[in-house]
Every structure is written in structure tokens, then in C-alpha cells.
Amino acid sequence: MASLGDWIRGLFLFLGPAGVFVSLFFVFVIDAAIFPALPELVIVISYAYRDPSWDPRAWAGVLLAMAVAGEVVGNSLMYLWVRKLLVDRGHMPQVIEKAMRRWTQFLLVRDERIILVNRIAPVVPFVGAFIATLHWSYPKSLAYIVIGALVKYSFLLALVDLLGLVYTQDTATLVTVSAIVVILAVSLSGSAIYRRRMVPPPRVGR
């Protein structure tokens, strides 16, 4: 019976390098603009089972470029959609805008820097929508998106590469994926605990 690693290799051979890069790009666009798509796992697996004809550094560089580009496009699409169709036309529901502003008041930082905090603990969903609704600086927000993506995904690629020097490819990938799952679980738990502690209890009328 073929192993999971053999199945993944077969899938990547079927897609070819261009297919892998395009697929990764759309995963990051979807994750940034629509719903969580676990891009951390996708980029790690894409690197671990790279095309053998490619130099590892060149493959990692293209994957990193696709990840950053996908994040920029996904967040920008969300930003433009919310701004052009809702904010600029005055169609943004007041209850949603107030909820966004109220939520940021309970965070450690209340401006574009939240984007960097989000890399560690996801406290703000749909970042593009927050940029548009709260009138954050788009250039500054974009810079934080790029910096955060570069640092986070460079670290993950370096981690799987380092583990590959010690373990077999399949084992290195399994260890990295397991670490990502643990990090995501801790991150989400920390975010939930943070929200509960920061949001004050409702006032009880006399």
C-alpha cells in the first residue's frame, strides 16, 4: 500500500510546479478573503514534497512569493469589496461598524499593528474588512501584512528544512505539521481566553 508521502508526491507530480504554485496562491487568497484554509499546512507540505528537479532554495523562494502575493490579493479584495460597496456608499450596517470599533478597544493595540498580533493569536478575522471599516491606512496595513507573512512562512520553511537534515522527509514533514497543529490550537485557545478576559461582563440594570 502506498504511503501518504507517496500519494502526496504523486499529486504534486500530476499538478506540476506551476500547478503547485497557482494552487498555493489561491489557498492564501481564499484564507485571507473568505474562510480559513490552513495555509500553514499547505505551504509546509508543498515545500517538503517539492519537485526534485528544483533547487530547494529556489522552490522555497517561489512558494514564499506565492504566499505573500496571495495574502496581499486576498486581503486587498476584502478591503476593496467592503470599502467600495459598503463604506463609501454608506451601506455599512452601524451595528457591525460599532461592534468592530468596540472590539478593537479591548485589544492591546488598536490600529494597524493588530495585523502583526494576528500572526501570533488570531484575534481579528477578515482583516481587509477591518482596514476598510475602521479607516486604517491601507499602505501601512499592507506593509504589516507583507512583513508578517514573510516572517511567519520563512520560519516554517526554515523549520521543515532544518528537520529534513535530521529526519527523513516524511518524518520531518510529520513533525512540522504536528508542530503547526499544536501552535494553531494554542493560538486559538489563547485568542479565546484573551477575548473572554478583555470583554467586560454586561451591566445588570437595577
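Heads up: the structure comes first, above all this text.
### Structural notes on the environment of Phe 25
Move 1: Secondary-structure assignment places Phe 25 in helix H1 (residues 4-33).
Move 2: The exposure class of Phe 25 is buried, given its relative accessible area of 18%.
Move 3: For the pair Phe 25 and Leu 63, spaced 38 residues apart in sequence, the C-alpha to C-alpha distance is 8.5 Å.
Move 4: When near neighbours in sequence (up to four residues on either side) are disregarded, Phe 25 contacts Met 66, Ala 69, Gly 70 and Val 73.

### Looking at the side chain of Glu 112
Move 1: Positionally, Glu 112 belongs in the loop between helix H4 (94-105) and helix H5 (114-117).
Move 2: In terms of polar contacts, Glu 112 uses its side chain to reach the backbone amide nitrogen of Ser 137, at 2.8 Å.
Move 3: Apart from the residues within four sequence positions on either side, Glu 112 is in contact with Trp 136, Ser 137, Lys 140, Ser 141 and Tyr 144.

### A look at a nonpolar patch on the surface
Move 1: A contiguous nonpolar surface patch, about 520 Å² in accessible area, is contributed by Leu 162, Leu 165, Val 166, Tyr 167 and Val 175.
Move 2: With three residues, helix H7 (residues 138-166) is the single largest residue contributor to the nonpolar patch.
Move 3: With respect to the element layout, Tyr 167 can be found in the loop between H7 and helix H8 (169-198).
Move 4: You can call Tyr 167 partly exposed: its relative accessible area is 41%.

### Quick look at the pattern of salt bridges
Move 1: Within the structure shown, the criterion is met by five salt bridges.
Move 2: Here Lys 152 makes a salt bridge to Glu 40, at a shortest N to O gap of 2.7 Å. Separated by 112 residues along the polypeptide, Lys 152 in helix H7 and Glu 40 in helix H2 (residues 39-48) bring together distant segments of the chain.
Move 3: Its salt-bridge partner being Asp 111, residue Arg 113 comes within 3.0 Å of it at the nearest N-O pair.
Move 4: Overall, Arg 113 belongs to the partly exposed group, its relative accessible area being 42%.

### Things to note about the environment of Ser 46
Move 1: As for its position among the elements, Ser 46 is in helix H2.
Move 2: You can call Ser 46 buried: its relative accessible area is 4%.
Move 3: Sequence separation between Ser 46 and Ser 23 is 23 residues; the distance between their C-alpha atoms is 9.9 Å.

Rules of the game
Residues numbered from 1 in each chain as written. Predicted model: local features only at pLDDT ≥ 70, side-chain atom pairs only at ≥ 80, totals over all residues. Heavy atoms only, no water. Helix = DSSP H or I, 4+ residues; strand = E, 2+ residues; numbered from the N terminus. Buried < 20%, exposed > 50% of the residue type's maximum accessible area, 1.4 Å probe, protein only. Contact = heavy atoms within 4.5 Å. Polar contact = N/O pair within 3.5 Å; in protein donor to acceptor, adjacent residues only side chain to side chain. Patch = residues over 30% accessible without salt bridge, like charges linked within 9 Å, V, L, I, M, F, W, Y side chains within 5 Å. Areas by Shrake-Rupley, 256 points an atom, 1.4 Å probe, with all protein chains shown as cover. Salt bridge = Lys/Arg side-chain N within 4 Å of Asp/Glu carboxyl O.

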